[in-house]
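In case you want the letters, here they are:
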There are 2 protein chains.
Amino acid sequence: MTELEIIERLRLQTSAKGLVLGIGDDCAIYRSPGASEDLLFTTDQLIEGTHFLPNTPPRRIAWKAIARALSDIAAMGGTPKFCLLSLAAPARFDFDTFYSAVRRVSERYKMTLAGGDLAKSKQVACDVVICGSTPRGSALRRDTAQPGDELYVSRPLGMAAACGYRNLPEPRLSEGRKLRGRATACMDLSDGLGIDLYRMCLASRTGASLDSVPVAADASLEQALHGGEDYELLYTGRDLPGIRIGTMTEGPAGVITLNGNPLPHKGWDHFAYNSQR
Amino acid sequence: MTELEIIERLRLQTSAKGLVLGIGDDCAIYRSPGASEDLLFTTDQLIEGTHFLPNTPPRRIAWKAIARALSDIAAMGGTPKFCLLSLAAPARFDFDTFYSAVRRVSERYKMTLAGGDLAKSKQVACDVVICGSTPRGSALRRDTAQPGDELYVSRPLGMAAACGYRNLPEPRLSEGRKLRGRATACMDLSDGLGIDLYRMCLASRTGASLDSVPVAADASLEQALHGGEDYELLYTGRDLPGIRIGTMTEGPAGVITLNGNPLPHKGWDHFAYNSQR
């Protein structure tokens, strides 16, 4: 079973009043009665042995966990409001350093740590929920791209893979906000252009034709396409800032070509063992 | 370092606009501009080896993880709206059974699964965030008890300890809602009456005098006082439904007596190794 298949099974028929968008995008969207804003919610785990090696400095764990979730807020054009942080760790874990880093990254992105949970565990695991906001009705989504739209990324790709994933992601919050009301669709590139663009195409029921993929310094085309963890924005529309990489097509849904050749949608999938890393 | 001390260090000076209440209560409270409701947020982890034994049925894990978080919503008088569920598990984990249980418990409590995260891990760990709501300004808090208030619990205590923690918690949602506008303060009993009442007293800067502790069938007084995991409500006010167990006092803050004798505030604390279990 792949992660996509598991997520597919989770879509429920029932939906809470006020829930504008549920499972399947970077964030869920909720709107309170009478509210002038929409709230965005995303959750991201960072687990020892899966997302980072044992003995990774607590500061890096905190920073990366929060920055990855912030990237989801950026992908919807949101402004971070507050976060909830759950930490499971052994008693010998350096909580002071970890929470100092949480405080610093929260201050940097003008976000409040509003709650969380703390538990003892053999393995270090961190789960971050971030709530962001956008003016009512303005959140960017991944399921609204149209055939004929130009396709863009915020910066060249492959840097994370080229440096052995030692980079700390920089959420593209201001870029995301500037795309509100302009981009037709947007998502963040967490698992690799190949698989993430495939997800956008499936959600929007389009195909895509890539004609130029910008490759970061020291990275290979393979790393730019499938390396993952770049946390750049992938978005569609006309005459937008950023780097144009192709065009959305009529499809069939999910069919992607690079210079006319089919592009496999491989990339990081936690439960697919044919994954490339 | 105890959990209380770690939480104490996390209170930040800065606070997001709209965040009515941050760290320190059962839920954080957020209010959107113009909204007629307040949103409640709580997060709870359930971790293999800490909160449940290896080979615990996935159905039980799902149920318990969600019910514990719902108990926090009940403690503030809220109605559940949606949840975000992060799961870390080995590839051999029975995802189907787990997510079927998530669906059933969500339906039972009229709550939508709005998102989540899935990751591979050696250890099974589940982190649940639930968003609930109350009419604007009506959420119950633990820091608003007054000296002279009567103290109540929703049912007799000690049942969880008496049955070896094999029970599945039943969140007291309707009881909590009925206390809105009537109770002066409320919280849920997750770690034991001794330590949880101590927390309420510290938050409200009061003491408490217990004169009758209702003990569940087959439980001992020790289990009712310090067993934990009962997930009943603990609340204050006058002429309220439920079981009256004592009176809030002038203090000193945190000083609790049972029939005139000092009550130690021991109980379940994840990082205090003098804990009783």
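1. Topic: the environment of B:G148
Residue and element names in this part refer to chain B.
Turning to step 1, where the next piece is worked out: With respect to the helices, strands and loops of the structure, G148 is situated in the loop between β6 (125-135) and β7 (150-153).
Turning to step 2, where the next piece is worked out: Taking the C-alpha atoms as reference, G148 lies 9.2 Å from R238; in sequence the two are 90 residues apart.
Turning to step 3, where the next piece is worked out: If we skip the residues at most four places from it in the chain, G148 touches R238, T247 and M248.

2. A few points about the relation of the copies chain B and chain A
Turning to step 1, where the next piece is worked out: In screw terms, the move from chain B to chain A is a rotation of 180 degrees and a rise of 0.0 Å along the axis, fitting with an RMSD of 0.0 Å. With respect to symmetry, the two chain copies, as superposed, fit the operation of a two-fold axis. When each C-alpha of chain B is compared by its distance to the rotation axis, B:A35 comes out closest, at 2.2 Å.
Turning to step 2, where the next piece is worked out: With an isologous cut-off of 70% or more, the 100% of interface residues of chain B that recur at the interface of chain A puts this contact in the isologous class.

3. With respect to the interface of chain B and chain A
Turning to step 1, where the next piece is worked out: Listed by partner, the interface residues are 59 residues for chain B and 59 residues for chain A.
Turning to step 2, where the next piece is worked out: Summed over both partners, the interface of chain B with chain A buries about 5,600 Å², with 62% contributed by carbon and sulfur atoms.
Turning to step 3, where the next piece is worked out: Taken together, the links from chain B to chain A amount to zero salt bridges.
Turning to step 4, where the next piece is worked out: For the interface between chain B and chain A, the tally reads 25 residue pairs in polar contact (both at pLDDT 80 or more).
Turning to step 5, where the next piece is worked out: Only α1 (3-10), β2 (28-30), β3 (37-47), β4 (79-89), α3 (95-108), β5 (112-120) and β6 of chain B provide two or more residues apiece to the side of chain B that touches chain A.

4. Let's talk about the pairing of β3(B)
Residues and elements named next belong to chain B.
Turning to step 1, where the next piece is worked out: By the criterion of burial, β3 is predominantly enclosed, with eleven of the eleven residues buried.
Turning to step 2, where the next piece is worked out: Of the two faces of β3, the one lined by E37, L39, F41, T43, Q45 and I47 and the one lined by D38, L40, T42, D44 and L46 are each fully buried.
Turning to step 3, where the next piece is worked out: Here β2 folds back onto β3, and the loop between the two strands holds six residues, one of which, G34, carries a positive phi near 80 degrees.
Turning to step 4, where the next piece is worked out: Here β3 runs beside β6; their pairing, made up of eleven bridges, is antiparallel. Residue pairing for β6: E37 is matched across the bridge by P135.

5. Thoughts on helix α6 (residues 193-204) of chain A
Residue and element names in this part refer to chain A.
Turning to step 1, where the next piece is worked out: For α6, built from twelve residues, the straight-helix expectation of 16 Å at 1.5 Å per residue is met to within 8% by its first-to-last C-alpha distance of 16 Å.
Turning to step 2, where the next piece is worked out: With ten of twelve residues buried, α6 is to be regarded as a mostly interior element.
Turning to step 3, where the next piece is worked out: Buried residues of α6: L193, G194, I195, D196, L197, Y198, R199, M200, C201 and S204, and no others.

6. Observations concerning the confidence of the model for chain A
When pLDDT is low, close inspection of the predicted coordinates is not appropriate.
All names here are of chain A.
Turning to step 1, where the next piece is worked out: Per-residue confidence for chain A gives a mean pLDDT of 90; residues scoring 70 or more make up 91%.
Turning to step 2, where the next piece is worked out: Across residues 272-277, where pLDDT falls below 50, the model places 13 contacts with residues more than four positions away in sequence or in other chains.
Turning to step 3, where the next piece is worked out: Across the interface, the model reports ipTM at 0.84; the global pTM reads 0.88.

7. Describing the pairing of strand β5 (residues 112-120) of chain A
Residues and elements named next belong to chain A.
Turning to step 1, where the next piece is worked out: Most of β5 sits out of view: seven of its nine residues are buried.
Turning to step 2, where the next piece is worked out: Direction of pairing for strand β4 (residues 79-89) relative to β5: parallel, over a ladder of eight bridges. Considered in β5, the bridge of L87 is made with L118.
Turning to step 3, where the next piece is worked out: In this region the chain leaves β4, passes through helix α3 (residues 95-108) and returns to the parallel neighbour β5; the handedness of that crossover is right-handed.

8. Here's the deal with the pattern of salt bridges
Turning to step 1, where the next piece is worked out: All told, the structure shown has 28 salt bridges over all chains when counted by the stated rule.
Turning to step 2, where the next piece is worked out: We note a salt bridge from A:R141 to A:D143, for which the minimum N-O separation is 2.9 Å.
Turning to step 3, where the next piece is worked out: Residues B:R142 and B:D25 are paired through a salt bridge, measuring 3.3 Å at the closest nitrogen-oxygen approach. Linking B:R142 in the loop between β6 and β7 with B:D25 in the loop between β1 (19-21) and β2, this pair joins segments that are 117 residues apart in sequence.

9. As for the environment of B:C163
Turning to step 1, where the next piece is worked out: Residue position: B:C163 is located in the loop between α4 (159-162) and α5 (173-179).
Turning to step 2, where the next piece is worked out: The sequence separation of B:C163 and B:D218 amounts to 55 residues, and the corresponding C-alpha distance is 8.3 Å.

10. Regarding the packing of aromatic side chains
Turning to step 1, where the next piece is worked out: Under the criterion given, the structure shown has 13 aromatic pairs over all chains.
Turning to step 2, where the next piece is worked out: Ring centres of A:F41 and B:F41 lie 5.3 Å apart, and the angle between their planes is 35 degrees; this geometry places the pair in the tilted category. Here the residue A:F41 occupies a position in strand β3 (residues 37-47), and B:F41 occupies one in strand β3, the pair thus bridging two chains. Comparing A:F41 with B:F41 shows no difference in burial state: the two are buried.
Turning to step 3, where the next piece is worked out: These aromatic residues form a ring-pair network of at least three members: A:Y30, A:F41, A:F82, B:Y30, B:F41 and B:F82.

Conventions adopted
Sequence order sets the numbering: in each chain, residues are counted from 1 along the sequence as written. To read the labels, note that chains go from A and ligands from 1, taken in the order they are written. Per-residue local features are limited, in this predicted model, to residues with pLDDT of at least 70; the limit for side-chain atom pairs, both in listing and counting, is 80 or more; totals at the level of whole chains, interfaces and linings are taken over all residues. Here the side-chain values reflect all heavy atoms present in the structure, with hydrogen atoms and water set aside. Secondary structure is summarised from DSSP: a helix means a run of H or I of at least four residues, a strand means a run of E of at least two, and numbering begins at the N terminus for each. In this description, contact between two residues means that some pair of their heavy atoms is separated by no more than 4.5 Å. The copies were overlaid by least squares, fitting only the C-alpha atoms of residues that reach a pLDDT of 70 or more in each copy. Defined here as a combined quantity, buried area equals the accessible surface (1.4 Å probe) lost by two parts on assembly, summed across both. We count a salt bridge whenever a side-chain nitrogen from Lys or Arg sits within 4 Å of a carboxyl oxygen from Asp or Glu. Nitrogen and oxygen atoms within 3.5 Å of one another constitute a polar contact, given that in protein one can donate a hydrogen and the other can accept it, and given that sequence-neighbouring residues count only through two side-chain atoms. Using a 1.4 Å probe on the protein chains alone, a residue whose accessible area is under 20% of its type maximum counts as buried, one over 50% counts as exposed, and one in between counts as partly exposed. Strand pairing follows a simple DSSP-based rule, namely that at least 2 bridges must link the two strands. Expected helix span is computed as 1.5 Å times (number of residues minus one). Residue-level confidence of the predictor, termed pLDDT, takes values from 0 up to 100. By convention, orient the strands away from the viewer: a clockwise path from the first strand over the helix to the second makes the crossover right-handed. Classification of ring pairs uses Phe, Tyr and Trp, with its six-membered ring standing for Trp, and accepts pairs whose centres are within 6.5 Å; under 30 degrees between planes counts as stacked, over 60 as edge-to-face, and the remaining range as tilted.

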